[in-house]
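What the coordinates show
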Amino acid sequence: MSSTYVPADGLDVSLGSDGILRLVLNRPAKRNAIDDGMVAGLIEAVEQAGQDEAVRAISITGSGDHFCGGFDIVSRNAESGGRRPRAGSIQRRLPAQAHRLIPLLATVQTPVVCAVRGWAAGIGLHIVLAADFAVVAENARLWEPFSERGFTPDSAGTWLLPRRIGEVRAREMLMLGRAIDGREAAAWGLVHRVIPAADVDEEANGLASRLAAGPTVALGLTKWLLHASSAAEMDSHLRKEAFAIELSSRSEDFKEGLAAFREKRPPRFTGR
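Residues numbered from 1 in each chain as written. Predicted model: local features only at pLDDT ≥ 70, side-chain atom pairs only at ≥ 80, totals over all residues. Heavy atoms only, no water.

Looking now at the overall build of the protein. Of regular secondary structure, the protein possesses 13 helices and 9 strands. Since a compact globule built from 272 residues should have a radius of gyration of about 19 Å, the 19 Å found for the protein is in line with a globular shape. Taking contacts inside the protein between residues at least 6 apart in sequence as the whole, the part at least 24 apart equals 67%. Only carbon and sulfur atoms are counted for the fraction: they give 53% of the accessible area of the protein, which is about 14300 Å². (Helix = DSSP H or I, 4+ residues; strand = E, 2+ residues; numbered from the N terminus. Rg over C-alpha atoms; globule rule 2.2 N^0.38 Å. Contact = heavy atoms within 4.5 Å. Areas by Shrake-Rupley, 256 points an atom, 1.4 Å probe, with all protein chains shown as cover.)

Okay, the side chain of E256 next. Structurally, E256 is set in helix 13 (residues 252–263). If sequence neighbours within four positions are ignored, E256 has contacts with R265, P266, P267, R268 and F269.

The sheet built from 6 strands is open, its strands ordered 1-2-3-4-6-9 with mixed pairing. Each end of this open sheet is capped by a strand with a single partner; those strands are strand 1 (11–15) and strand 9 (193–195). When the angles between neighbouring strand axes are averaged without regard to direction, this sheet yields 15°. The sheet contact formed by strand 6 (residues 133–137) and strand 9 spans 3 bridges and is parallel. (Pairing = 2+ DSSP bridges. Axes fitted to C-alpha atoms, helices over the stretch in contact; angles between N-to-C directions.)

A word on the packing of aromatic side chains. Summed over the entire model, instances satisfying the criterion amount to 3 aromatic pairs. Centroid distance F146 to F151: 5.3 Å. Interplanar angle 75°. Geometry classified as edge-to-face. Residue F151 is classed as partly exposed on the basis of its relative accessible area, which comes to 37%. (Phe/Tyr/Trp six-rings, centres within 6.5 Å; stacked < 30°, edge-to-face > 60°. Buried < 20%, exposed > 50% of the residue type's maximum accessible area, 1.4 Å probe, protein only.)

Sheet topology places strand 1 next to strand 2 (residues 20–25); 5 bridges connect them, and they run antiparallel. Directly across from D12, in strand 2, lies its bridge partner V24. Hairpin remark: strand 1 followed by strand 2, antiparallel, with 4 residues in the connecting loop; positive phi at G19, about 85°. Sheet topology places strand 2 next to strand 3 (residues 57–62); 6 bridges connect them, and they run parallel. Opposite L23, over in strand 3, you have I60 as the bridge partner. As a crossover connection, the stretch from strand 2 through helix 1 (residues 36–51) into strand 3 is right-handed. (Right-handed = clockwise from strand over helix to strand, strands pointing away.)

This part covers the nonpolar core. Side chains of nonpolar character tend, in soluble globular proteins, to be buried together. If you look at the biggest cluster of nonpolar residues, it comprises 65 residues, and the most contacted ones within it are L23, I127, L142 and L190. Per element, the largest residue contribution to this core is 7 residues, and it comes from helix 1. Sequence-distant contacts of I127, defined by excluding residues within four places in its chain, comprise I34, L42, I60, F67, L101, I102, L105 and C114. (Core = buried A, V, L, I, M, F, W, Y, C linked by side-chain atoms within 4.5 Å.)

The next subject is the sheet that holds strand 8 (residues 180–181). Taken in spatial order, the 3 strands make up an open sheet running 5-7-8, and their pairing is mixed. A single partner strand is all that each edge strand has here, and the edge strands are strand 5 (119–121) and strand 8. Here strand 5 pairs with strand 7 (residues 141–143) via 3 bridges, running parallel. Of the residues in strand 7, the one forming a bridge with W119 is R141. Against the sheet, helix 5 (residues 123–130) engages strand 5 and strand 7, with an angle of about 90° to strand 5.

Moving on, we get to the packing of helix 4 (residues 98–107) against helix 5. Packing of helix 4 against helix 5 brings their axes to within 8 Å, and their N-to-C directions diverge by 25°. For the element pair helix 4 / helix 5, the angle class is roughly parallel. Taken together, the residues of helix 5 that come into contact with helix 4 (itself represented by A98, L101, I102, L105 and A106) are I123, H126, I127 and A130. When the residues that make up the contact of helix 4 with helix 5 are grouped by side-chain class, the tally is 8 nonpolar, 1 polar and no charged. (Parallel < 35°, antiparallel > 145°, perpendicular 65-115°, else oblique. Nonpolar A, V, L, I, M, F, W, Y, C, P; charged D, E, K, R; others polar.)

Moving on: the pattern of salt bridges. Summed over the entire model, instances satisfying the criterion amount to 16 salt bridges. E53 is paired through a salt bridge with R272; the nearest N and O atoms lie 2.3 Å apart. Placement of the pair is E53 in the loop between helix 1 and strand 3 and R272 in the segment after helix 13, with a sequence separation of 219 residues. Ionic pairing is found between E172 and R178, a salt bridge with its closest N-O pair at 2.6 Å. The class for E172 is partly exposed, based on a relative accessible area of 23%. Judged by its relative accessible area of 29%, R178 falls in the partly exposed class. (Salt bridge = Lys/Arg side-chain N within 4 Å of Asp/Glu carboxyl O.)

Printed below as a string of structure tokens:
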């Protein structure tokens, strides 16, 4: 039975009959910069999706010309009315906000696809890196703005980037503030696919549809294994692989996959 999904200010949330949960960052006048309410809305939606058997893939896009220009620090400071927060407020707040969202995207046992046009900066870029697949426009701009703003990265930037592109290139982006376009991001192995901007939405939706039609249990467990492998010794990881294949081989999709192979036809997976 499917859950009811609730949008937030600046975040559209909808679940289609195709099993794709679509999350649209919708503040185009601010390049879809994220605020606290949007972070909370994303966390709630992704957590629900991870427990909702009707959801078989998650799509994240931005409204208008940009994916996400980062976190909206200006609005947060304006809302404070000039009052200086108590010491330690950032480290108290982050674990429940950005530092909860990024690991959730990386570990939810549901494939996540991002469609990226225009700017993907700061936490916007980190959402892209935490996703399983990113379809990116050739002229998109991927940027870590922290060094040019005088503070340090958050939302797992210093964890995600070196693992994806190596320490040398990560230093260029994080310490020198180098922005790269979609072509360079693809050449570095930072994103899944780069295509003309006009084709991004169609390509990303097709990829999400393909994942949503796949063996959901096996895909979710494969994602779990890939994430776990980054910090695991081989022996312990092989035990995780044995656990995962025990579960996936008991799924209805496994039986369908074998039947399709025997009958020489495409499989019709149901996500069960």
